[in-house]
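Fold and contact review
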Amino acid sequence: MVTAAGPWDSTGQRTAERDRVVAREHTGGADHGRGSGAAGSPRPAPSAGAVLAALGGTTAPGGGTKAAPADGTAVAEALDRLLEDPALGTHRAASVVDLTTGKRLYGLGGDVPLTPASTTKIATAVAALTALGPDHRLTTRAALEADTGELVLVGGGDPTLTAREDARGLASLRTLAEKTAAALEKRDVRKVTLSYDTTLYAGAEMHPIGVNENLAPVTALMADEARTDDSTSGPAPREGDPADAAARAFAGFLKQHGITASAPGPSKATDRSDTLATVSSPPLSALVERMLTNSDNDLAEALARHTAAASGRPADFDGASAAVGETLKRLGLPVGGARFHDGSGLDRADLVTADLLTALLAEAADPARPQLRPVLTGLPVAGFTGTLAGRYTDGAAGLVRAKTGTLTGVNTLAGTATTPDGHVLAFAFLANETTDPWTAQYTLDKAATSLTS
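Overview of the structure. Every chain begins its residue count from 1, and numbering advances along the sequence as written. Note on the predicted model: pLDDT of at least 70 is required for a residue's local features to be given, and 80 or more for side-chain atom pairs to be given and counted; whole-chain, interface and lining totals, by contrast, use all residues. The side-chain quantities take in all heavy atoms of the structure and omit both hydrogens and water.

Looking now at the overall build of the protein chain. Put simply, DSSP marks the helices as runs of H or I at least four residues long and the strands as runs of E at least two long, and each gets a number from the N terminus on. A count of helices and strands for the protein chain gives 12 helices and 13 strands. Contacts are residue-level and defined by heavy atoms, with any inter-residue pair within 4.5 Å sufficient. Long-range contacts, defined as pairs at least 24 residues apart, comprise 65% of the intrachain contacts of the protein chain with a sequence gap of at least 6. As displayed, the protein chain has an accessible area near 18,400 Å², and 51% of this comes from carbon and sulfur atoms. A 1.4 Å probe and the Shrake-Rupley method give the accessible areas. Residues count as covered only by the protein chains that appear here.

One non-glycine residue, Ala 396, lies in the positive phi region at around 70°. Here Ala 396 shows up in the loop between helix H11 (374-377) and strand S11 (400-407). Phi is positive for Glu 433, close to 65°, though the residue is something other than glycine. Throughout this description, buried means an accessible area under 20% of the type-specific maximum (1.4 Å probe, protein chains only), exposed means over 50%, and partly exposed covers the range between. Assessed through its relative accessible area of 47%, Glu 433 is described here as partly exposed.

Counting 49 residues, the largest nonpolar core has Ile 122, Leu 328, Phe 340, Leu 356, Leu 357, Leu 360 and Val 375 as the members making the most contacts within it. When contributions to this core are tallied by element, the ones reaching two or more residues are helix H4 (120-132), helix H7 (284-294), helix H8 (297-310), helix H9 (317-330), helix H10 (354-365), H11 and strand S13 (424-432). For this core, the element with the highest residue contribution is H10, accounting for 9 residues. Setting aside anything within four residues of it in sequence, one finds Leu 357 in contact with Thr 119, Ile 122, Val 352, Ala 414, Ala 428 and Leu 430. To qualify as a nonpolar core, a set must consist of buried Ala, Val, Leu, Ile, Met, Phe, Trp, Tyr and Cys residues joined through side-chain atoms within 4.5 Å. Core analysis: the second largest hydrophobic core is formed by 29 residues, Leu 151, Ala 181, Phe 250 and Ile 259 among them.

This part takes up the pairing of strand S6 (residues 150-154). Within S6, 5 of the 5 residues are buried, leaving the element largely enclosed by the surrounding structure. Every second residue of S6 is oriented toward a common face, with Glu 150, Val 152 and Val 154 on one face and Leu 151 and Leu 153 on the other, all of them buried. By definition, two strands form a pair when at least two bridges between them are found by DSSP. Two elements, strand S5 (residues 139-144) and S6, share 4 bridges in a ladder whose sense is antiparallel. From the neighbouring strand, Leu 144 faces S6, where its bridge partner is Leu 151. The hairpin turn running from S5 into S6, its antiparallel successor, is 5 residues long, and Gly 149 in that turn takes a positive phi close to 75°. In this structure, S6 lies alongside strand S7 (residues 191-197), joined through 5 bridges in parallel fashion. Following the sheet pairing, Leu 153 is matched in S7 by Tyr 196. Crossover connection from S6 via helix H5 (residues 173-186) to parallel S7: handedness right-handed. Viewed with both strands pointing away, a crossover whose connecting path from the first strand over the helix to the second turns clockwise is right-handed.

Once that is clear, we can look at the pairing of S5. Pairing of S5 with strand S10 (residues 274-280), which is carried by 6 bridges, proceeds in the antiparallel orientation. Counterpart to Ala 142 in the pairing with S10 is Ala 277.

Further remarks concern the pattern of salt bridges. A side-chain nitrogen of Lys or Arg and a carboxyl oxygen of Asp or Glu constitute a salt bridge if their distance falls within 4 Å. Taken as a whole and assessed by the stated rule, the structure comprises 12 salt bridges. As a salt-bridge pair, Glu 225 and Arg 227 come within 3.1 Å of each other at their nearest N and O atoms. In this pair, the class of Glu 225 matches that of Arg 227, namely buried. Of the charged contacts, one joins Asp 445 and Arg 391 as a salt bridge, the two residues approaching to 2.7 Å between their closest N and O atoms. Of this pair, Asp 445 sits in helix H12 (residues 437-450) while Arg 391 sits in the loop between H11 and S11, and the two are 54 residues apart along the sequence.

On to the packing of H4 against H10, then. Running from N to C, H4 and H10 cross one another at 40°; their axes reach a closest spacing of 10 Å. Taken together, H4 and H10 sit at an angle that is classed as oblique. The interaxial crossing formed by H4 with H10 has left-handed handedness. Residues Ile 122, Ala 123 and Val 126 of H4 form the contact with H10, whose participating residues are Leu 357, Leu 360 and Leu 361. Each residue gets one of three labels, nonpolar for Ala, Val, Leu, Ile, Met, Phe, Trp, Tyr, Cys and Pro, charged for Asp, Glu, Lys and Arg, and polar for the others, Gly among them. The residue makeup of the contact of H4 with H10, split by class, is 6 nonpolar, no polar and no charged. Whenever a helix is involved, its axis is fitted only over the stretch in contact; in every case the axis is a line through C-alpha atoms, and angles between N-to-C directions fall within 0 to 180 degrees. Should an angle fall under 35 degrees it is taken as roughly parallel, and over 145 as roughly antiparallel, whereas 65 to 115 is taken as roughly perpendicular and any remaining angle as oblique. For a crossing to be left-handed, the near helix must be turned anticlockwise from the far one by less than a right angle; the clockwise case is right-handed.

The subject of this paragraph is the packing of H4 against H9. For the pair H4 and H9, the least separation of the axes is 9 Å and the interaxial angle reads 75°. Our classification of the angle between H4 and H9 gives roughly perpendicular. The segment H4 lies against H9, with Ala 123, Val 126, Ala 127 and Thr 130 engaging Val 324, Thr 327 and Leu 328. Grouping the amino acids of the contact of H4 with H9 by side-chain chemistry returns 5 nonpolar, 2 polar and no charged.

As a further point, take the environment of Thr 439. Turning to its location among the elements, Thr 439 is positioned in helix H12. Each C-alpha atom of the pair Thr 439 and Asn 411 lies 9.9 Å from the other, and the pair is 28 residues apart in sequence.

Right, here's the structure in full:
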């Protein structure tokens, strides 16, 4: 199954598809940035047709063009029965679109707004990538106030900033402390008054759901998403004051480099401050992929706030929600009836239609918008990664990539499925007022599986 449909590389191209072309054609082609060109190195892989080609037609691995399915009769036959299951509650909606042609193959209440749960993150991802670009990075810095000698740790809204010894490619609080200490020593400074600045964000830090292990208080400064255990994803106990905890950790790292810092307190860096050191997150493309694969609520709320800031709105819940909706509307997407109250989908007041979800996926598949490709490559792979790692073990593993959504009484699923003839379909299934979450989840998985057979 993996050979047939994945995994995909960061460009949205199936690696198995590329390897197949190498096996069939032993000359020429591009090396996709992987080859060194040195003598004796492997021959560059020929360029395989992209999985998500233009909506006007899809290029097959062998170079030909496949025709789109004539109609959605087979899809309807498969889905009508499954979506009548009482386990899906009293309100359900579905949409299936052929990404090759943009043709809608199936619709059931596709324009009816329902609670989307974590499939909201697809909208957040598209909005953030549109507003900021895939190469944008979130920067945390240490600034010294020239007048007072106060050292300010300035939060850059990067919840992935890590205090762990092994940063694994993330922005490191330890590295920031080391660079800051070196800069202070050059100034012959060994003792500082430490403060921290979280003013990049505005408004309340607490999500409407209150204290919850699925999300830390939303602040511009935190380390390791304010987790108090060794986890990197999923629910976890959180620091009550993430910014203070991060600043205290920073003070500890400064001490390791010979700098004594006072107990930290809140402040704001002035325009006169001198930036001593910075560390930056991975590019937004990688953050979006992480957000979708792990259903990372902290990242989702952060990216929604950065979207607000880039759109000239206050970086609070209201500003972020408005900015996401406005950005999607400017893209020409069907946002009628949609309501965004957060970036993560934890707020039950969020409303999204199935048609909007498939339109978002189609937008990400459009070759004219390559900056949106991480929306597709970040979707969990059935049976292999993220929130789908333990699902689809009895069918469609590797053929479905989808964002899950679960709240009490809400089960949703939206993503892509690969058909036997190589077409990629976008689908969205929303079920509200469900009473048996496990049966509802299983039924939605069967619906997605039916698109692959």
